[in-house]
Amino acid sequence: MSTLLQLESVGVSIGTVALLEGISLSVERGQILGLVGESGSGKSLTALAAMGLLPLIGGRITTGQVRFDGQDMAAMTEAQRRALRGRRIGFVTQNPMTALDPVQRIGAQVDIVSRLHLGLSWQAARARTLDLLTQMRIPEPAAVAEAYPHQLSGGMKQRIVIAMALAGDPDLIIADEPTTALDVTVQAQIIQILGQIVRERGAALLLITHDMGVVAQICDRVAVLYAGRLAEEGPVGPIFAAPAHPYTRALIGCIPQEGMAKGSLRGIPGAVPSALAMPSGCRFNPRCPHASAICCETAPSFAPFGAGGVACHHAGVAS
Ligand SMILES: Nc1ncnc2c1ncn2[C@@H]1O[C@H](COP(=O)(O)OP(=O)(O)OP(=O)(O)O)[C@@H](O)[C@H]1O
Ligand code: SF4
Ligand SMILES: [Mg+2]
């Protein structure tokens, strides 16, 4: 198996505020890694760090390394990183509705990606566009290619945005909450299709979501972030069977079960602390049912556990 993306002990700051610490994860070819955590836990910052895009928001990597296909991204020139993002890394943003140009037909917007990155002729690019729309299960692809974005539903537009991310034939796709604006059934369908295409192509997917149900459905591994630190990482099967970190356990407990009355979704009491007022010791301690004295004094380090790793003084307790 080859590792496409690897983050090793990455720390990120914006100005003087440290927002991510010690983030280590890797995405293998042919695999899907789910990156989960509540709002504000640092998922989007991790994605920006992975793409070398932190300068866009005034951020920087302060410690550790990001490697793409074995190459240290910090050692590349900005032109090399830009070429990598266009050609080998496809990105689906958290706000995909803004990714489409309202005054250009759909087909032209998808064509241009493979024209630019694969050097295809207009005819070959259009054939590829129609093929991608078909793969995204878009009915009547030729008619949709002639349409303008406002003529399509939210779910259709989202499929187009994913087709655009796939058009340059990337090795790695980073999808930041690609379906949050859509209704749950449409979300599930689109994520399934995306996962299937990624596997068929032997590409890799870093899928950012706050939904553990989605992770259970399509991911191979999962990385759980809490307040800018990695809480747990490992293969999906063992983690869902026996989560070692109390936060992972709580997130899994929030997945609505079949037969559960609507509205009975259990949230996790409390909220993610702000970067300017982090609790000392383990950042989860104010919300953790297993917190002890050491949890309030010393931050647990991330250590191997089972087939993955966990950062908790009482890893595996009550799992
Ligand atoms: N441009 C910025 N300037 C200052 N702080 C920021 C900036 N972007 C993010 N942060 C802070 O970094 C932390 C992590 O943010 P991030 O956007 O990565 O969270 P997230 O996990 O993607 O959340 P969500 O699920 O809401 O998208 C938050 O505390 C946020 O306030
Ligand atoms: S280190 Fe302590 S407070 Fe933190 S998650 Fe583990 S048991 Fe809970
Ligand atoms: Mg985000």
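Cut-offs used in this document
Residues numbered from 1 in each chain as written. Chains lettered and ligands numbered in written order. Predicted model: local features only at pLDDT ≥ 70, side-chain atom pairs only at ≥ 80, totals over all residues. Heavy atoms only, no water. 1 Å grid on protein atoms, 1.4 Å probe; cavity = no way out; pocket = protein on both sides within 12 Å on 5 of 7 lines; lining within 4 Å. Points joined across faces, edges and corners; volume = space filled by probe spheres on them. Helix = DSSP H or I, 4+ residues; strand = E, 2+ residues; numbered from the N terminus. Domains from an automatic or database assignment. Expected span 1.5 Å × (residues − 1). Buried < 20%, exposed > 50% of the residue type's maximum accessible area, 1.4 Å probe, protein only. Arc of directions from axis to C-beta. Contact = heavy atoms within 4.5 Å. Salt bridge = Lys/Arg side-chain N within 4 Å of Asp/Glu carboxyl O. Core = buried A, V, L, I, M, F, W, Y, C linked by side-chain atoms within 4.5 Å. Near = heavy atom within 4 Å. Sits in = over half its atoms within 2 Å of the grid points. Nonpolar A, V, L, I, M, F, W, Y, C, P; charged D, E, K, R; others polar. Axes fitted to C-alpha atoms, helices over the stretch in contact; angles between N-to-C directions. Parallel < 35°, antiparallel > 145°, perpendicular 65-115°, else oblique. Left-handed = near helix turned anticlockwise from the far one by under 90°.

## Some words on the layout of surface pockets
Computed from the structure, the second largest pocket encloses a volume of approximately 410 Å³. Considering the residues around the second largest pocket, the lining is formed by 18 residues, among which Phe91, Ala99, Val113, Met164 and Ala165 are closest to the centre. Counting only elements with at least two residues in the lining of the second largest pocket, the list comes to helix H2 (78-87), strand E6 (89-92), helix H3 (106-118) and helix H6 (154-167). Lining the lining of the second largest pocket are residues from two domains, each supplying at least three of them: domain 1 (3-88 + 172-257 + 264-310) and domain 2 (99-169).

## A closer look at helix H4 (residues 122-135)
Taking 1.5 Å as the rise per residue, H4 with 14 residues should run 20 Å; its terminal C-alpha atoms sit 20 Å apart, in good agreement. Taken residue by residue, H4 has Ala125, Arg128, Thr129, Leu132 and Leu133 as its buried positions. Looking straight down H4, one finds its buried side chains confined to an arc of 135°; they lie on one side. The inward-facing, buried residues of H4 contact H3, helix H5 (141-145), H6 and helix H7 (184-201). Where H4 ends, the next residue or the one after it, arginine 137, has phi of about 60°, a positive value.

## Re the pattern of salt bridges
Here the structure, examined in full by the defined rule, presents 16 salt bridges. With its nearest N and O atoms 3.9 Å apart, the salt bridge here joins lysine 43 to glutamate 177. Remark: glutamate 177 occurs in the loop between strand E7 (172-176) and H7 and lysine 43 occurs in helix H1 (residues 43-51); sequence separation between them is 134 residues. A single burial state applies to lysine 43 and to glutamate 177, both of which are buried. Within this structure, Arg29, Asp69, Arg88 and Asp171 form a network of salt bridges that share partners.

## Focus: the nonpolar core
Met136, Ile160, Leu205, Leu207, Met212 and Val224 are the most contacted members of the largest nonpolar core, which totals 57 residues. When residues in this core are grouped by element, the largest group, 9 residues, is from H6. Here this core spans two domains, and each of domain 1 (3-88 + 172-257 + 264-310) and domain 2 (99-169) adds at least three residues to it. Setting aside chain neighbours within four positions, we find valine 224 in contact with Val36, Met212, Arg229, Leu230, Ala231, Glu232, Tyr247, Thr248 and Leu251. With 33 residues, the next largest nonpolar core counts Leu7, Phe68, Met73 and Leu206 among its residues.

## Considerations on the site of ligand 2
In the vicinity of ligand 2 there are 13 residues, among which Cys282, Cys288, Cys295, Cys312 and His313 approach most closely. Taking a 2 Å distance to the grid points as the criterion, the majority of the atoms of ligand 2 fall inside the largest cavity. Partitioning the shell around ligand 2 into residue classes produces 8 nonpolar, 5 polar and no charged.

## Comments concerning the packing of H3 against H6
Viewed as axis vectors pointing N to C, H3 and H6 meet at an angle of 15°, and their least axial separation amounts to 8 Å. Taken together, the axes of H3 and H6 are roughly parallel relative to one another. Of the two possible hands of crossing, H3 and H6 adopt the one that is right-handed. Packed against H3, whose contacting residues are Ile106, Gln109, Val110, Val113, Ser114 and Leu118, the element H6 presents Ile160, Ala163, Met164 and Ala167 at the interface. Here the contact of H3 with H6 is composed, by residue class, of 8 nonpolar, 2 polar and no charged.

## Side note on helix H10 (residues 246-253)
Counting buried positions along H10 gives 6 out of 8 residues, so the element sits mostly inside the fold. In this structure, the buried side of H10 is in contact with strand E3 (32-36), helix H8 (212-218), strand E9 (221-226), strand E10 (229-235) and helix H9 (236-241).

## So, the packing of H3 against H4
The contact between H3 and H4 brings their axes to 8 Å, and the two run at 120°. Relative to H4, the element H3 is oriented oblique. Relative to H4, H3 is oriented so that their crossing is right-handed. Together, Gly107, Ala108, Val110, Asp111, Ile112, Ser114, Arg115 and Leu118 of H3 and Trp122, Ala125, Arg126, Arg128 and Thr129 of H4 make up the contact between the two elements. Residues that form the contact of H3 with H4 fall into these classes: 6 nonpolar, 3 polar and 4 charged.

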